[in-house]
Every structure is written in structure tokens, then in C-alpha cells.
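# Topology and contacts: notes
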Amino acid sequence: AYYRTEKVPARYDWHHAHNLQLLAMAYQSLGQMKSAEALYREAFAAPGYTEFLDYNRRAWPEFLLNRGRFDEALQAARELTKSQWAMARLAGHSLAGQALVAIKKMDDARDQLHQAERETEALAPRVVAALPYPTLLRADIMLRENQTAEAESLLADVQKAILSMPGP
């Protein structure tokens, strides 16, 4: 109703996609996956007008990965790799790599890891330190290659970094 009254398309309101994702997360936590999926899909379809908004579109391929829908996750992640912003491309390559690990295409997953690592060069070190990508992909690859101790160490470092960050 707000968008109709104000005659502003929802795609121009950054809050819209953000709020769709928040509602999707609420539905997901309640186990209402069909409702969550529809909202994640709608939020992913919204353009990301800033680097952070485009990076946030990662929620859709993450949802698909978590649901075991690896081919769809790969397709969505590859869309993120075409972003004009490094942060979104970093997430896209990392998530594409995770999908490839899941479908046992390890060489392709390693290629995505290398591309994700190259994207870190375009980002400030503090931003790279705050993102779990591409470390999660590296750990996934290590787990598949039975390098369990090394993978667990990486994952423990990611957990420490996430817990040390301020905010939600």
C-alpha cells in the first residue's frame, strides 16, 4: 500500500529487499520453508544498488545450499559472480564453490576458491577479515580431502571471528 500511495516502485527502496530477507529468515527459523523460499527468491530478484545490498543477495544461494538444492544454488551463486562489486563476487565464487564441492566437482570448486581469493585483493583488509568467505570453501574442500584437523582449525577461526564481531 505504501508503494502504491507514494508511487515509488519497491525496487528503489533498499529497505524492501532487506525486510523481505528478515521475514524469510523468520519463516525459515519457524520451519515454514515455502514461505521463506518465496521471500528469499523475491529479495534475490531485487537489484542491489550498493555493494552491501548486492552482497546481501547471497542469502538466496545460501538457502538453496542449506536445502541441498546444489544445482540451483550454483546457478544463483554464478549470478552473484557477475556483480559490479567485489564483495558480492567474493560471496558468489565462494558459494558456487560450495555447491561444486557438494556435487563432487572438486577441480571446479578449487577454481572458484582461487577466484574468490583474487576478489579479496579488491577489498579492505578489515572487510575481508569480517567475511567468512572464502575460508568456509577452503574448509569444505579440506573436509572432502580428509584434511579434517586443518579444516576444523579453519572453522574454529571463522567461529571466533564471527563471535568477536559487534552487532547481530
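The present account deals with the structure reproduced in this document. (Residues numbered from 1 in each chain as written. Predicted model: local features only at pLDDT ≥ 70, side-chain atom pairs only at ≥ 80, totals over all residues. Heavy atoms only, no water.)

### Re the packing of helix α5 (residues 59–66) against helix α6 (residues 70–80)
The condition is simple: Only the contacting stretch of a helix is used when fitting its axis, a line to C-alpha atoms as for every element, and angles between N-to-C directions run 0 to 180 degrees. Strands here mean DSSP runs of E at least two residues long; helices mean DSSP runs of H or I at least four residues long; both are numbered from the N terminus. Relative orientations are named as follows: roughly parallel for angles under 35 degrees, roughly antiparallel for angles over 145 degrees, roughly perpendicular for angles from 65 to 115 degrees, and oblique for any other angle. Crossing chirality is assigned from the near helix's rotation relative to the far helix, an anticlockwise turn below a right angle marking it left-handed and a clockwise turn marking it right-handed. Any pair of residues with heavy atoms lying within 4.5 Å of one another is described as a contacting pair. Polar here means any residue other than Ala, Val, Leu, Ile, Met, Phe, Trp, Tyr, Cys and Pro, which are nonpolar, and Asp, Glu, Lys and Arg, which are charged; Gly is therefore polar.
Their axes nearest at 8 Å, the elements α5 and α6 cross at an angle of 160°. Relative to α6, α5 is oriented roughly antiparallel. Of the two elements, α5 crosses α6, and the hand of that crossing is left-handed. Only F70, E72, A73, A76, A77 and L80 of α6 make contact with α5, whose side of the interface consists of W60, P61, L64 and L65. When its residues are assigned to classes, the contact of α5 with α6 shows nine nonpolar, no polar and one charged.

### Some words on helix α7 (residues 86–102)
Rules: One less than the residue count of a helix, multiplied by 1.5 Å, gives the span that helix is expected to have. Throughout this description, buried means an accessible area under 20% of the type-specific maximum (1.4 Å probe, protein chains only), exposed means over 50%, and partly exposed covers the range between.
The first and last C-alpha atoms of α7 sit 24 Å apart over 17 residues, in line with the 24 Å expected at 1.5 Å per residue. The element α7 is extensively covered by neighbouring structure, given that 16 of its 17 residues are classed as buried. K104, located one to two residues past α7, shows a positive phi value of around 65°.

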